[in-house]
Amino acid sequence: MKVAVFDTHKYERATLTAQNEGTGHELVFFEEKLKPGTAVLATGCQAVTAFVNDRLTRETIATLHGLGVRIIAMRCAGYNNVDLEAAADLDMPVVRVPEYSPYAVAEHAVTLLMALNRKITRACSRVHDNNFSLDGLVGFDVHGKTVGVLGTGKIGLCFARIMKGFGTRILAYDAFPRQQLADEIGFEYAPLDKVLAQSDIVSLHVPLLPDTLHLIDEAAIAKMKHGAYLINTSRGPLVDAKALIGGLKTGQIGAAGLDVYEEEEHLFFRDLSDKILQDDVLARLLSFTNVIVTSHQAFLTIDALNNIASTTWANLAAFERGEPLKNEVLDVKKKRASA
Ligand code: NAD
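Note that residues are indexed from 1 along each chain, following the sequence as it is written. Where totals are concerned, whole chains, interfaces and linings use all residues; where local detail is concerned, this predicted model gives features only for residues with pLDDT of at least 70, and gives and counts side-chain atom pairs only at 80 or more. As a convention, hydrogens and water are excluded, and side-chain values are obtained from all of the structure's heavy atoms.

Asker: What should I look at first to understand the pairing of strand β3 (residues 47-50) in this one?
Answerer: One face of the sheet, then the other: side chains in a regular strand alternate in exactly this way. Accessibility here uses a 1.4 Å probe with only protein chains present; expressed as a share of the type maximum, an area under 20% marks a residue as buried, one over 50% as exposed, and anything in between as partly exposed. Helix and strand definitions here come from DSSP, where helices need a minimum of 4 consecutive H or I residues and strands a minimum of 2 consecutive E residues; each element is numbered from the N-terminal end. Across the two faces of β3 the burial is the same, with Ala 47 and Thr 49 and Val 48 and Ala 50 all buried. In the sheet, strand β1 (residues 2-5) pairs with β3 via three bridges, with the strands oriented parallel. When the bridges of β3 are listed, Ala 4 appears paired with Val 48. Strands were regarded as paired on the criterion that DSSP finds at least two bridges between them. As paired strands, β3 and strand β4 (residues 71-74) are joined by four bridges and run parallel to one another. By the bridge assignment, Thr 49 is partnered in β4 with Ala 73. A crossover counts as right-handed when, viewed with the strands pointing away from the observer, the path leading from the first strand over the helix to the second turns clockwise. Crossover β3 to β4 through helix α2 (residues 58-67) is right-handed.

Asker: Just to check I follow, could you spell out the domain arrangement of the protein chain for this structure?
Answerer: Accessible area lost upon the coming together of the parts serves often as the stated size of an interface. Under the domain assignment, the protein chain is made up of domain 1 (2-100 + 302-338) and domain 2 (102-293). The gap between the C-alpha centroids of domain 1 and domain 2 is 30 Å. Taken over both partners, the interface formed by domain 1 and domain 2 buries close to 1,000 Å², and the fraction arising from carbon and sulfur atoms is 54%. For domain 1, the biggest contributors to the area lost against domain 2 are Asn 53, Asn 80 and Glu 99; these three give 41% of the whole. The term salt bridge refers to a pairing of a side-chain nitrogen on Lys or Arg with a carboxyl oxygen on Asp or Glu at a separation within 4 Å. Between the two partners, domain 1 and domain 2, sit one salt bridge. Considered class by class, the residues forming the side of domain 1 that touches domain 2 number six nonpolar, four polar and three charged. As annotated, the domain borders come from an automatic or database domain assignment. Buried area is understood as the total, over both parts, of accessible area removed when two parts are fitted together, assessed with a 1.4 Å probe. Ten residues, namely Ala, Val, Leu, Ile, Met, Phe, Trp, Tyr, Cys and Pro, are considered nonpolar, four, namely Asp, Glu, Lys and Arg, are considered charged, and the remaining ones, Gly among them, are considered polar.

Asker: Would you mind going over the environment of Val 202 with me for this structure?
Answerer: With respect to the helices, strands and loops of the structure, Val 202 is situated in strand β9 (residues 201-204). Accessibility expressed as a relative area gives 0% for Val 202, which makes it buried. Taking the C-alpha atoms as reference points, Val 202 and Leu 113, separated by 89 residues in sequence, lie 9.8 Å from one another. Residues count as neighbours in contact if any of their non-hydrogen atoms are within 4.5 Å of one another. Discounting chain neighbours no more than four positions away, the residues touching Val 202 are Gly 148, Leu 150, Leu 196, Met 224, Tyr 229, Leu 230 and Ile 231.

This is the structure we're talking about:
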């Protein structure tokens, strides 16, 4: 099968190519994101694969279908950027990589937390400048603190397990609590307001859905413990970035570690170092010494890249052989079947 591989970068092409050996898929790499204006690049392909910031709108999907593309394979877990109704209308399955390494993302969340807490970026740049003063670098023991985990799916649970190792009390919020796992790992479920009010650290692991958009807005920030740390490795729009800036200015938010950003689509994954940053909200966030922004790199371990590549090619091979698609996104099909 000929596959148009959109939105690919140097860091992943080697693994995508290596894991494809022996599958028989012919890969055509494009650096361009998949969106209405670029879908035509898939001419001659029967499958496309895309990533987190591609725009698989109804228009994109209709163009792909018109070109003869019959399956969409997301190289990620999230699919909030895919118009599933449009794909179902055209009978195009959407497959994904539901789990490639929850460890990679959870460990990055911990990395952001600890780098902020122990002021690692400030400390490194000081020492490079022969400034060995410790003033302004005081952190806190994570041990004994309360950590709020919003979303106890694969990544949230992994994060909770790591944070248990630090000796923290974990309060979790999830629309579908899993009490047995909570008992096993040793954490407590609580309503969102209680989690926000009692946590010294809040880490986001819920998916982006209409009801989680701006889950952390001005009102939620006001409910948080004064000086709490906020970590977001899930999706940018979970946090109202302007409200976050307000919280940081008053000290209500003690620090923020962001691997994702509301308006990241036009920025992240690209080298814009010779351009003037036009996004004033991001520029303000970057001006805080108690904010760390990484550009959606939480997944970026070699283990995760290998899993992403092998699962994506296996998803396409199953489709080619007419086998059941175990990683198909079935939200719309299920909704239609029960209507
Ligand atoms: P998951 O599906 O295993 O878990 C999501 C959890 O959120 C589930 O327990 C679910 O019950 C809960 N949930 C769903 N809707 C909710 C709601 N409205 N309120 C409260 N809880 C709700 O997903 P996962 O694999 O743990 O991934 C979590 C998110 O991490 C993904 O949706 C994705 O956005 C993000 N992610 C980011 C990166 C990165 O590189 N930064 C990589 C992978 C995934």
